[in-house]
Amino acid sequence: MFMILGLLVMVAVLVGLTLAIAFMLDVMAPKTSWKMRAVWAALIGAYVPASLPILTLLSEIGFTAEAIPPVSALVVGAFILAAVIGFPVAYVFSKKRAAGRFPAEPAKDFD
């Protein structure tokens, strides 16, 4: 019961973080393509929570050969979470935000 609740909380945190980053990228970089913003939001949203365990492992074990398997598992796992959970959320959000913008018409802008 608590394991499933923990997984749902993890997914909710990832979705919330990805949406927040997608919104920030939409506000701060509106000229960037919405597809690129969706990719960056998904990657940042997945790697921010994974950075704490990665840094903890590297600080405890150090940069040795023993640290390579767990760190690479965290990196690959974060990439999978970004692809499976983060990207679809960021894609839908960024696409709707881009569709809500009206393209600039030169006839109306230069009257």
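Shown above is the structure to which this text applies.
The following refers to the structure shown. (Residues numbered from 1 in each chain as written. Predicted model: local features only at pLDDT ≥ 70, side-chain atom pairs only at ≥ 80, totals over all residues. Heavy atoms only, no water.)

### A closer look at the nonpolar core
So the rule is basically this: Note on terminology: a nonpolar core comprises buried Ala, Val, Leu, Ile, Met, Phe, Trp, Tyr and Cys residues joined through side-chain atoms within 4.5 Å. Relative accessible area decides the class of each residue, using a 1.4 Å probe on protein chains only: under 20% of the type maximum gives buried, over 50% gives exposed, and in between gives partly exposed. Helical segments are the DSSP runs of H or I of at least four residues, strand segments are the runs of E of at least two, and each set is numbered from the N terminus. The contact criterion used is simple: two residues touch if any of their non-hydrogen atoms lie within 4.5 Å.
In terms of nonpolar packing, the biggest core is built from six residues, these being Ala50, Ile54, Leu58, Ala67, Val71 and Ala78. When residues of this core are traced back to their parent elements, those giving at least two are helix H2 (34-61) and helix H3 (68-100). Tallying contributions element by element places H2 first for this core, with three residues. When near neighbours in sequence (up to four residues on either side) are disregarded, Leu58 contacts Phe63, Ala67 and Val71.

### What about the packing of helix H1 (residues 2-28) against H3?
Put simply, the test is: An axis is simply a line fitted to the C-alpha atoms; with a helix, the fit covers only the stretch in contact. Between two such axes, the angle follows the N-to-C directions and lies from 0 to 180 degrees. Throughout, the term roughly parallel applies to angles under 35 degrees, roughly antiparallel to angles over 145, roughly perpendicular to angles from 65 to 115, and oblique to all others. Handedness of a helix crossing follows the sense of rotation of the near helix relative to the far helix, less than a right angle counterclockwise being left-handed and clockwise being right-handed.
Where H1 contacts H3, the two axes come as close as 9 Å, and the packing angle between them is 40°. With respect to H3, the axis of H1 lies oblique. Classified by chirality, the crossing of H3 by H1 is right-handed. Taken together, the residues of H3 that come into contact with H1 (itself represented by Met10, Val11, Leu14, Val15, Thr18, Leu19, Ala22, Phe23, Asp26 and Val27) are Leu81, Ile85, Gly86, Val89, Ala90, Phe93, Ser94 and Arg97.

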